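One letter stands for each residue in the lines below.
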Amino acid sequence: MPKVRRQKRKAGTSQPYLSSKRSQAQEPRASSSSASPRSLSAASKEKEPSICMKLVTEFGKLCAAQVAAHPECKTNAVWMAKYMRNQFKFFGLKAPMRRELQKELVKTHKDTFRDRSFLLQFLPLLWEQEEREFQCFGVDLLQQFRKDVLGSSSAEDFKEASSCVERLLTYKSWWDTVDALSYPAPYYVHSFLPTHVHTHTHTHL
């Protein structure tokens, strides 16, 4: 049989070579997983504003565009603020003009505005805005969609909706919003709540 020559390996060279080769093969896998497309897309979604904030911003832009197109709005804003004893700032949009903008926005996003969860998040956001037209928009929305917001007989929904309405009544409260909200709130209590919730409510009022 022919003799097979075995090449002598230098001590300490073969094992380190193999281990370094393995480490090189593992490093790309680790780095690729840390920057996967899925993780990047998830991170970008977290930075995107919510639909509620997008629509608040859109309404603000619509109002600002009307102010730019109608110089008299700036004059209106001054006397509107004085009429409210300078409690709030205004764009200076009179109710008919403002309601046209609201109608346009709601019509464009009709399905969104009929979603109860959306409204319960959207309404408080309107109260966070500086100009009073945002709160006026919220009052009109609650009256328009009161059945969608308040029309539930479950105790959990009642608690959630009543917390929202209480927030609207007590934050930035002035006669204009309080008077306007005085209709939807009793309408909710007396028309939609079951008897046991009526009893619980009146006991704690």
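To keep things clear, this report deals only with the structure shown in the data block. These numbers were taken from a predicted model, which means no experiment stands behind them.

## Some details on the packing of aromatic side chains
One pass over the structure, following the stated rule, counts nine aromatic pairs. Ring plane angle 35° and centroid distance 4.5 Å describe the contact between F59 and F137, whose orientation is recorded as tilted. Of this pair, F59 sits in helix α3 (residues 51-69) while F137 is found in helix α8 (residues 132-144), placing the two residues 78 residues apart along the sequence. According to the relative accessible area criterion, F59 is buried, its value standing at 0%. A relative accessible area of 0% means that F137 is categorised as buried. Between F113 and F137, the ring centres sit 6.4 Å apart and the planes meet at 55°, which makes this aromatic pair tilted. One end of the pair, F113, is in helix α6 (residues 110-113); the other, F137, is in helix α8, with 24 residues separating them in the sequence. In this structure F113 comes out as buried when scored by relative accessible area, which is 0%. Through a chain of ring-to-ring contacts, the aromatic side chains of F59, F91, F113, F118, F122, F134 and F137 assemble into a single cluster.

## Some points on the environment of E104
You can see E104 is positioned in helix α5 (residues 95-108). Under the relative-accessibility criterion, E104 is labelled partly exposed at 44%. Sequence separation of E104 and L62 is 42 residues, and the distance between their C-alpha atoms is 9.7 Å.

## A closer look at helix α7 (residues 116-127)
For α7, which comprises twelve residues, the first-to-last C-alpha distance of 17 Å matches the rise-based estimate of 16 Å (1.5 Å per residue) to within 8%. Along α7, the residues classified as buried are R116, F118, L119, L120, F122, L123, L126 and W127. Considering only its buried residues, α7 is in contact with α3, α6, α8, α9 (146-150), α10 (155-170) and α11 (175-181). Capping of α7 at its N-terminal end is provided by D115; its side-chain oxygen lies 3.3 Å from the backbone amide nitrogen of S117.

## Things to note about the side chain of R132
Along the polypeptide, R132 turns up in helix α8. When residues no more than four places from it in sequence are discounted, the contact partners of R132 are F88, K89, F90, K172, W174, D176 and T177.

## Details of helix α4 (residues 72-83)
In this model, α4 (twelve residues) spans 17 Å end to end at C-alpha, consistent with the 16 Å of a helix rising 1.5 Å per residue. Residues C73, N76, A77, M80 and A81 constitute the buried set of α4. Projection of α4 onto a plane perpendicular to its axis shows the buried side chains occupying an angular sector of 130°, all on one side. Seen from the buried face of α4, the exposed residues on the opposite side, beyond 90 degrees, are K74, T75 and K82. For α4, the elements touching its buried residues are α3, α5 and α8.

About the criteria used
Each chain has its residues counted from 1, running along the sequence as written. Per-residue local features of the predicted model are confined to residues with pLDDT of at least 70, and side-chain atom pairs are confined, for both listing and counting, to 80 or more; whole-chain, interface and lining totals are unaffected and use all residues. Neither water nor hydrogens contribute to the side-chain values; these are computed over all heavy atoms in the structure. Pairing of aromatic rings covers Phe, Tyr and Trp, the last through its six-membered ring, and needs centres within 6.5 Å; plane angles under 30 degrees mean stacked, over 60 mean edge-to-face, and all others mean tilted. Only DSSP runs of H or I covering at least 4 residues are called helices, and only runs of E covering at least 2 are called strands; the numbering of each starts at the N terminus. Each residue is placed in one exposure class: buried if its accessible area under a 1.4 Å probe, protein chains only, is under 20% of its type's maximum, exposed if it is over 50%, and partly exposed if it falls in between. How far a helix is expected to stretch is found by multiplying one less than its residue total by 1.5 Å. Any two residues whose heavy atoms approach within 4.5 Å are treated as being in contact. Counted as a polar contact is a pair of N or O atoms within 3.5 Å, where, for protein atoms, one must be capable of donating a hydrogen and the other of accepting one, and residues adjacent in sequence contribute only when both atoms are in side chains. Arc definition: it is the arc formed by the directions from the helix axis to the C-beta atoms.

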